[in-house]
Amino acid sequence: METEAGANVKTIIEPFRIKVVEPIRMTSRQERETIIRRADFNLFRIHAEDVLIDLLTDSGTGAMSSLQWAGVMKGDESYAGAKSWFALERSVRELTGFEQILPTHQGRASERILFELMGGEGKIVPNNSHFDTTRANIEHSGAKAVDLLIEEGKRPTSRHPFKGNMDVAALERLIAEVGVGAIPLVMLTVTNNSGGGQPVSLENIRAVRRVCDQHKLPLFLDACRFAENAYFIKSREPGQADRTVREIVREMFGLADGATISAKKDGLVNIGGLLLLRNAELVRRADELLILTEGFLTYGGLAGRDLEAMAQGFEEVVHEDYLQYRIRSTEYLGEKLLAAGVQIVEPPGGHAIYIDAASFCPHIPPERFPGQALVVGLYRHAGIRACEIGSVMFGKGGQRPPMELVRLAIPRRVYTQSHIDYVIEAIGEVHAQRRALAPLEIAEEPPSLRHFTARFRELA
Ligand SMILES: *Cc1c(COP(=O)(O)O)cnc(C)c1O
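Figured I'd write up the structure that's included with this text. (Residues numbered from 1 in each chain as written. Predicted model: local features only at pLDDT ≥ 70, side-chain atom pairs only at ≥ 80, totals over all residues. Heavy atoms only, no water.)

Here the focus is the layout of surface pockets. Its boundaries defined by the atoms lining it, the largest pocket holds a volume of some 1,700 Å³. What lines the largest pocket is a set of 48 residues, among which Phe 131, Asp 132, Ser 194, Met 393 and Phe 394 lie closest to the centre. The set of elements that each furnish at least two residues to the lining of the largest pocket consists of helix H4 (107-118), helix H5 (132-140), strand E11 (387-389), helix H15 (391-394) and strand E12 (405-409). In terms of residue count, H5 provides more of the lining of the largest pocket than any other element does, 5 residues in total. Here the residues of the lining of the largest pocket sort into 19 nonpolar, 15 polar and 14 charged. Each pocket or cavity is described by its volume, and for the second largest pocket that value is around 1,500 Å³. (1 Å grid on protein atoms, 1.4 Å probe; cavity = no way out; pocket = protein on both sides within 12 Å on 5 of 7 lines; lining within 4 Å. Points joined across faces, edges and corners; volume = space filled by probe spheres on them. Helix = DSSP H or I, 4+ residues; strand = E, 2+ residues; numbered from the N terminus. Nonpolar A, V, L, I, M, F, W, Y, C, P; charged D, E, K, R; others polar.)

Written out as structure tokens, the structure is:
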């Protein structure tokens, strides 16, 4: 692929140079052994400064640009009507076409407000795949969250270009079955985080819109990774290559009646969120709830400097050289792991690579946590922190998730290619000695969300 600069050089580079550095600390194998034992083999229990490469999440872990940091200094901290608020409002209006914009402290705060207004007993909310906080907020309201992902999206080796798509026929069946009255809104998560960061096609969003129109149902986007999704549309969907990412983003939002956004992802900031709405009555009621628990309408639980950084982040995230580098660097990690014989969820998603831990550790059955064994092995061997998404996270009460995965989430603009090469080499080495990865058992666990605090024992 040619670079934006028009040169013939094929290498895709980080489209930035480094102005401020944050040292990362090398630890010895012996230190890591002590640290991981002291943390009872749970990576959420270790101190971040004891991690060399932190791939736990891409949420709020990105690096801000020099212009965003300049915005932090410019931040207007007035309680009402701050200049920084109007900068954010302008930036988001231009990007999405939405006029009604509510600032929140993060994505789940937008979800809480939305479902307090639209959820409730007896209601059903369909999505391609609900993210866990979305599902939790829907269920907290008394409603039911239903996933309607296409079949290809559930198969780890299927190479479908838009594995995040909703099964439109299944949506029509659901509406026929439960009745329009039970469905307050239809959602689409772009990209589909729970399904491996896989994109949704423009054609699919349009098709879901048509069904919503037929039944007069509102369509909402969970738009945390709207820019990554738009870049996939540009690069994979027939007829989209000549449009700008901005145009595609504008069309995606134009098809929706509302959106919840965590700015900790494609907002390129460390904290912040948005709720976008069109319906005037809904806006009025959402404004009330916003003031009740988040803050006044022009800051929503954020400092003026946060608003300023978000305004600039939403501008930078649609730069195509940034998105090309972003999507390519995730793909690069995925391709190299596949070449090293490590099975991943294919094709690589936008923000993370998911390793199939069950095939990585054939000697460890699900009830002995192959994903946790791999996560512990990666830290022990190379100081890398990854996240188990398998039987530890979802396996309560004898239930088993369909897959045992380990997620390597890539923070935005933080690590260089040599960091990623280090990760690839380290995983290859752990893979070569994978029989040495030890099965685990749970020594102690809380009643819910056990992955955050559980303690483990290694079984030799
Ligand atoms: C992160 C995320 C959320 C929740 O956002 P927070 O800012 O973490 O509250 C909701 N949906 C998706 C798809 C996400 O990735």
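With that settled, consider empty space enclosed by the protein. Within the structure shown, the criterion is met by 2 cavities of 30 Å³ or more. Approximately 80 Å³ is the volume found for the largest cavity. Lining the largest cavity are Asn 42, Leu 43, Phe 44, Leu 56, Gln 372, Val 375, Ala 386, Cys 387, Glu 388, Val 392, His 451 and Phe 456. Elements supplying a minimum of two residues to the lining of the largest cavity: helix H14 (370-382) and E11. Counted as a void, the second largest cavity has a volume near 40 Å³. As for the second largest cavity, its lining consists of Phe 131, Thr 189, Thr 191, Asn 193, Asp 222, Cys 224, Arg 225 and Lys 265. Grouping the constituent residues of the lining of the second largest cavity by class yields 2 nonpolar, 3 polar and 3 charged.

Taken together, 15 residues form the shell around the ligand, and within it Arg 108, Asp 222, Arg 225, Ser 262 and Lys 265 come nearest. Measuring from an oxygen atom of the ligand, one finds a side-chain N or O atom of Gln 106 at 2.9 Å. Separating an oxygen atom of the ligand from a side-chain N or O atom of Ser 262 is a distance of 2.6 Å. Calculation on the ligand without its partners gives an accessible area of 380 Å², and the protein chains cover 98% of this total. A majority-of-atoms criterion places the ligand in the largest pocket. Put simply, the parts of the chain that give the shell around the ligand at least two residues each are H4 and H5. The biggest single contributor to the shell around the ligand is H4, with 3 residues. Considered class by class, the residues forming the shell around the ligand number 2 nonpolar, 7 polar and 6 charged. (Near = heavy atom within 4 Å. Polar contact = N/O pair within 3.5 Å; in protein donor to acceptor, adjacent residues only side chain to side chain. Areas by Shrake-Rupley, 256 points an atom, 1.4 Å probe, with all protein chains shown as cover. Sits in = over half its atoms within 2 Å of the grid points.)

Moving on to helix H16 (residues 417-432). The periodicity of an α-helix, 3.6 residues per turn, causes residues three or four places apart in sequence to face the same way. Helix length check: H16, at 16 residues, gives a terminal C-alpha distance of 22 Å against a target of 22 Å (1.5 Å per residue), a fit within 8%. Within H16, burial applies to Ile 420, Val 423, Ile 424, Ala 426, Ile 427, Val 430 and His 431. (Expected span 1.5 Å × (residues − 1). Buried < 20%, exposed > 50% of the residue type's maximum accessible area, 1.4 Å probe, protein only.)

Right, let's talk about the packing of H4 against helix H10 (residues 280-293) for a bit. Interhelical geometry of H4 versus H10 gives an angle of 130° and a closest axis separation of 10 Å. By the angle between their axes, H4 is oblique relative to H10. Crossing hand, H4 versus H10: right-handed. In this structure, H4 contributes Arg 112, Ile 113, Glu 116, Leu 117 and Met 118 to the contact, and H10 contributes Leu 282, Arg 285, Ala 286, Leu 289, Leu 290 and Thr 293. Classifying every residue of the contact of H4 with H10 by side-chain character gives 7 nonpolar, 1 polar and 3 charged. (Axes fitted to C-alpha atoms, helices over the stretch in contact; angles between N-to-C directions. Parallel < 35°, antiparallel > 145°, perpendicular 65-115°, else oblique. Left-handed = near helix turned anticlockwise from the far one by under 90°. Contact = heavy atoms within 4.5 Å.)

Quick look at H10 now. Its 14 residues give H10 an end-to-end C-alpha distance of 20 Å, which sits within 8% of 20 Å, the value for a rise of 1.5 Å per residue. Residues Leu 282, Val 283, Ala 286, Leu 289 and Leu 290 constitute the buried set of H10. Along the long axis of H10, the arc covered by the buried residues comes to 130°, so they all point the same way. Within H10, the exposed residues directed more than 90 degrees away from the buried face are Ala 280 and Leu 292. Taken together, the buried residues of H10 touch strand E2 (100-104), H4, strand E6 (219-222) and strand E8 (273-277). Between the side-chain oxygen at the start of H10 and the backbone nitrogen of Glu 281 there is a gap of 3.0 Å, and the oxygen is on Asn 279. Looking one or two residues past H10, Gly 295 carries a phi angle of roughly 150°, positive in sign. (Arc of directions from axis to C-beta.)

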